[in-house]
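# What the coordinates show
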Amino acid sequence: MSIDIAIAGFGTVGQGFAEMLALRQGMIREAFGTEARIVAAFDSSSAIYSEEGLDPMALVAAKAETGRVGDEPLVDGAAFLESIDYDVLVEVSPTDIVTGGAGLHHIRSALGAGRHVITVNKGPLALAFAELDTLAKENGAQMRFEGSVGGAMPIINLCRESLMGQEIGSVMGILNGTCNFILSRMDDGLPFEQALKEAQELGYAEADPGYDINGVDTACKVVILANSVFGIDCSYEDVDVTGITAISEEAVAMAAEQNYCIRLIGEISPERLEVSPRLVTKGHPLSVTGTLNVAQVNTDLAGPISISGRGAGRSETASAILSDLLAMMRSFVNNK
Ligand code: HSE
């Protein structure tokens, strides 16, 4: 028996995941005695399905050559998912944090049919976490989303699994690489606009960088952590959000004179959901530079625990999806 995967969205992250699955197939077979196969993939206009399984690298090559992942025209991703057989949906279509976009329909369709879901798509999670969580439970399905917050930085697993048994008082973190890159470059003396341009060139920024610099992207991640770690049923409107657009070069220079840097911090606790620029003492665990993400988890028994890693990127985000897939496969074995 194999674990059959459908991939919704075949952009950078979808392709990165296909490559990683090809790379780790031997390891998966050795660990679980079974294969994890891609049986379907679709992008915004095309789809492909084979119950025999598809060659991940051939999918990546087809996308590079033609701009499409398959030959079948795609009209409605949710309808396509309803027409095929698979075990796990990997939902990595472009994020839409206003409506949840197609990703929300795909996830509802999969969970409603009792399929497991792995997603890094922030829109559906930030808008409808409680609904999707309930839908998963009602249908005996798992929903995992490690890569949606902090990319490769395993903050959700850390809080929900490694720190099980601790009371977590708060999580404070830098959850947006674009803002951190801009603020770090401003520490080097660069003007805001030039730093933003560099961040866009590096490919970290959202399609509309306003979502990064106005704090919206960080707020979505705050909502995902609040729901998944603290069990707070909240959405974007519940977060007090201030971005970094009002941070002047003078403010950055004045902070530096006092041995501080300015960082955009997301704070999650039962009392406070906030995104705001704050002064951080240089050398503090939260004073990371460049596109790094970082989080400090404040626990009752173990005190503060900090974790840092790359918040975005092709293989980095795909590594979080792989980790979710392997955790799911382990649970299938344990529940047999
Ligand atoms: N725009 C986001 C960032 C991408 O800069 O962190 C990862 O969610």
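First things first, this report covers the structure right here in the doc. All of these numbers come straight from a predicted model, not from anything done at the bench. Along every chain, residues carry numbers that run from 1 in the direction the sequence is written. Totals for whole chains, interfaces and linings use every residue, but because this is a predicted model, local features are given only for residues with pLDDT of at least 70 and side-chain atom pairs only at 80 or more, for both listing and counting. For side-chain calculations, the full set of non-hydrogen atoms in the structure is used, while hydrogens and water are omitted.

Angles shown run from 0 to 180 degrees and are taken between the N-to-C directions of axes, each axis being a line fitted to C-alpha atoms and, for helices, limited to the stretch in contact. Counting from the N terminus, the helices are the DSSP runs of H or I reaching at least four residues and the strands are the DSSP runs of E reaching at least two. At a minimum axis separation of 8 Å, helix α1 (residues 12-32) and helix α2 (residues 56-66) run at an interaxial angle of 150 degrees. Classified by the interaxial angle, the pair formed by α1 and α2 is roughly antiparallel. The interaxial crossing formed by α1 with α2 has left-handed handedness. Contacts between α1 and α2 pair Q15, A18, E19 and A22 from the former with P56, M57, V60 and K63 from the latter. Each residue is assigned to one class: nonpolar for Ala, Val, Leu, Ile, Met, Phe, Trp, Tyr, Cys and Pro, charged for Asp, Glu, Lys and Arg, and polar for all the others, Gly among them. When its residues are assigned to classes, the contact of α1 with α2 shows five nonpolar, one polar and two charged. An angle below 35 degrees is read as roughly parallel, one above 145 as roughly antiparallel, one from 65 to 115 as roughly perpendicular, and any other as oblique. Each helix crossing is assigned a hand: it is left-handed if the near helix lies turned anticlockwise from the far helix by less than a right angle, otherwise right-handed if that turn is clockwise. The contact criterion used is simple: two residues touch if any of their non-hydrogen atoms lie within 4.5 Å.

Okay, unusual backbone geometry next. Within the chain, N259 stands out as a residue other than glycine whose phi angle is a positive 70 degrees. You can see N259 is positioned in the loop between α11 (249-257) and β10 (260-268).

Taken together, the neighbourhood of the ligand is formed by K122, N176, G177, T178, Y204, A205, E206, D212, D217, K221, G311 and A312. Whenever a nitrogen or oxygen atom comes within 3.5 Å of another N or O atom, the pair is scored as a polar contact, on the condition that within protein one atom can donate a hydrogen and the other can accept it, and that pairs from neighbouring residues in sequence are kept only if both atoms are in side chains. Interatomic distance of 2.8 Å between a side-chain N/O atom of K122 and an oxygen atom of the ligand. The side chain of E206 places a nitrogen or oxygen atom 2.7 Å from a nitrogen atom of the ligand. For the area figures, the Shrake-Rupley method with a 1.4 Å probe applies, and any residue is considered shielded solely by the protein chains shown. Compared with its free state, where it exposes 260 Å², the ligand has 90% of that area covered by protein. Think of a 1 Å grid over just the protein atoms. A cavity is a set of points where a 1.4 Å probe fits yet cannot get out, a pocket is an open set with protein on both sides within 12 Å along at least five of seven lines, and lining residues have an atom within 4 Å of a point. Think of it this way: if more than half of a molecule's atoms are within 2 Å of a pocket's grid points, that molecule is in the pocket or cavity. Cavity membership is defined here by more than half of the atoms lying within 2 Å of grid points; on that basis the ligand lies in the largest pocket. When contributions to the shell around the ligand are tallied by element, the ones reaching two or more residues are α7 (177-187) and α10 (216-230). Residues belonging to the shell around the ligand are distributed by class as follows: three nonpolar, four polar and five charged. Throughout, the term near means that a residue has one or more heavy atoms lying within 4 Å of the molecule or strand in question.

Quick look at the nonpolar core now. As used here, the term nonpolar core means buried Ala, Val, Leu, Ile, Met, Phe, Trp, Tyr and Cys residues forming a set that is joined through side-chain atoms within 4.5 Å. Note on classification: 1.4 Å probe, protein chains only; a residue is buried when its accessible area is under 20% of the maximum for its type, exposed when over 50%, partly exposed between these limits. Grouped together as the largest cluster of nonpolar side chains are 72 residues, with contacts concentrated most on L111, M143, I155, V171, I182 and I244. In terms of residue count, the dominant contributor to this core is α10 (nine residues). Residue-level mapping places this core at the junction of two domains, with at least three residues from each of domain 1 (2-151 + 315-334) and domain 2 (156-310). Of all hydrophobic cores here, the second largest spans 29 residues; its members include I7, V69, L326 and M328. Domain delimitation follows an automatic or database domain assignment.

For the pair helix α5 (residues 122-138) and α10, the least separation of the axes is 9 Å and the interaxial angle reads 45 degrees. Here α5 lies oblique to α10, going by the angle between them. For the pair α5 and α10, the crossing hand works out as left-handed. Contacts from K122, L125, A126, F129 and A130 in α5 reach D217, C220, K221, V223, I224, N227 and S228 in α10. Of the residues belonging to the contact of α5 with α10, the class tally is seven nonpolar, two polar and three charged.

Another aspect to go through is the sheet that holds strand β7 (residues 143-144). Strand pairing is defined by DSSP finding a minimum of two bridges between the two strands. The sheet built from seven strands is open, its strands ordered β4-β3-β2-β1-β5-β6-β7 with mixed pairing. Both edges of this open sheet fall to β4 (72-73) and β7, since each of them pairs with a single strand only. Two elements, strand β5 (residues 88-91) and strand β6 (residues 116-119), share four bridges in a ladder whose sense is parallel. Note on β6: the bridge partner recorded for L89 is V117. Against the sheet, helix α4 (residues 101-112) contacts β1 (3-8), β2 (36-42), β5, β6 and β7, and its axis sits at roughly 170 degrees relative to β5.

Before going further, it helps to examine the pairing of strand β11 (residues 273-281). As judged from the two bridges shared by strand β9 (residues 240-241) and β11, these two strands associate in the parallel manner. When the sheet's bridge partners are listed, V241 is paired in β11 with V275. Connecting β10 to the antiparallel partner β11 that follows it, the hairpin turn spans four residues.

Grid points are joined across faces, edges and corners, and a volume is the space filled by probe spheres set on the points. Scanning the model with the defined rule gives one cavity of 30 Å³ or more in all. Taken as a whole, the largest cavity encloses approximately 50 Å³ of empty space. Three or more residues apiece are contributed to the lining of the largest cavity by two domains, here domain 1 (2-151 + 315-334) and domain 2 (156-310).

Here we come to the environment of D300. Within the secondary structure, D300 is located in the loop between β12 (292-299) and β13 (303-310). When neighbours within four sequence positions are excluded, D300 is seen to be in contact with Q166 and E167. A distance of 2.8 Å separates a polar side-chain atom of D300 from the backbone nitrogen of E167.

Relative to the helices and strands, D212 is located in helix α9 (residues 210-213). A residue counts as positive if it is Lys or Arg and as negative if it is Asp or Glu; His and the chain ends are not included. Within this document, salt bridges are pairs made up of a side-chain nitrogen of Lys or Arg and a carboxyl oxygen of Asp or Glu, the two lying within 4 Å of each other. For the buried D212, no salt bridge exists, and the shortest N-O distance to an oppositely charged side chain is 6.2 Å, to K122. If we skip the residues at most four places from it in the chain, D212 touches N176, T178, C179, A205, E206 and D217.

Reported here for the largest pocket is a volume of approximately 1000 Å³. V13, S93, P94, T95 and E206 are the residues nearest the centre of the largest pocket, which is lined by 47 residues in total. The class makeup of the residues in the lining of the largest pocket is 17 nonpolar, 20 polar and ten charged. Formed jointly, the lining of the largest pocket draws a minimum of three residues from each of two domains, domain 1 (2-151 + 315-334) and domain 2 (156-310). Lining the second largest pocket are M1, I3, F32, G33, T34, M329, F332, V333 and K336. Residue contributions to the lining of the second largest pocket peak at three residues, all from helix α12 (residues 314-334). Considering only residue class, the lining of the second largest pocket consists of six nonpolar, two polar and one charged.

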